[in-house]
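Observations on the three-dimensional arrangement
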Amino acid sequence: RRGMQEYSHFDYTSLIEHELNPLFVYPNPTNGSIHLSQIVGENSKISIFDLLGNKILEADFNKQEINLDDLPKGNYILKLLIDENVVGTTTIMKIE
């Protein structure tokens, strides 16, 4: 697995980045669950989209692990939402 990224970080899309610590998603790529380096707080969610823009999964961001076992292998876009506003995005790869 040389050359493959073990984690990915959120690219913040608004000024809120100054209020948040860096947020990492790992492992990436994953064959099951992903882990988040921290819990952002109340009124926050993670939405997962396929590359066609279809929402696949939405989860409250009150836990540090999100189970992706039911997703087929492929690439996905994760969006971090606070108060229904997208404040960050990253991509993940589901393998096997």
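Residues numbered from 1 in each chain as written. Predicted model: local features only at pLDDT ≥ 70, side-chain atom pairs only at ≥ 80, totals over all residues. Heavy atoms only, no water.

1. Let's talk about the nonpolar core
Put simply, the rule reads: Among the buried residues, those of types Ala, Val, Leu, Ile, Met, Phe, Trp, Tyr and Cys that are joined through side-chain atoms within 4.5 Å form a nonpolar core. Summary of the burial criterion: residues with accessible area below 20% of their type's maximum are buried, those above 50% are exposed, and those between are partly exposed, where the area comes from a 1.4 Å probe applied to protein chains only. Numbering of helices and strands runs from the N terminus; a helix is a DSSP stretch of H or I covering at least four residues, while a strand is a stretch of E covering at least two. Contacts are assigned to residue pairs that have any heavy atoms within 4.5 Å of one another.
Ile 34, Ile 46, Ile 48, Ile 66, Leu 68, Leu 78 and Ile 92 are the most contacted members of the largest nonpolar core, which totals 16 residues. Those elements that place two or more of their residues in this core are β4 (33–36), β5 (44–50), β8 (74–82) and β9 (85–94). In contact with Ile 66, not counting residues within four places along its chain, are Ser 33, Ile 34, Leu 36, Ile 46, Ile 48 and Leu 57.

2. Structural notes on the environment of Leu 57
Here Leu 57 shows up in strand β6 (residues 55–60). Setting aside chain neighbours within four positions, we find Leu 57 in contact with Ile 46, Ser 47, Ile 48, Ile 66, Asn 67 and Leu 68.

3. Overview of the packing of aromatic side chains
Threshold: Only Phe, Tyr and Trp rings are paired, with Trp represented by its six-membered ring, and only when their centres lie within 6.5 Å; those with planes under 30 degrees apart are stacked, over 60 edge-to-face, the remainder tilted. By definition here, charges over rings are those cases where NZ of Lys or CZ of Arg is within 6 Å of the ring centre and within 35 degrees of the ring normal.
Applying the stated criterion across every chain, the model contains 0 aromatic pairs. Across the ring face of Phe 49, the terminal group of Lys 79 is positioned such that the distance to the ring centre comes to 4.8 Å.

4. Focus: the pairing of β8
Under the convention used in this document: By definition, two strands form a pair when at least two bridges between them are found by DSSP.
Here 7 bridges tie β5 to β8, and the two strands are oriented antiparallel to one another. When the sheet's bridge partners are listed, Ile 48 is paired in β8 with Leu 78. One ladder, built from 9 bridges, connects β8 with β9; its direction is antiparallel. Opposite Tyr 76, over in β9, you have Ile 92 as the bridge partner. Taking the residues between adjacent antiparallel strands as the criterion, β8 and β9 are bridged by 2 residues, where Asp 83 takes a positive phi near 50°.

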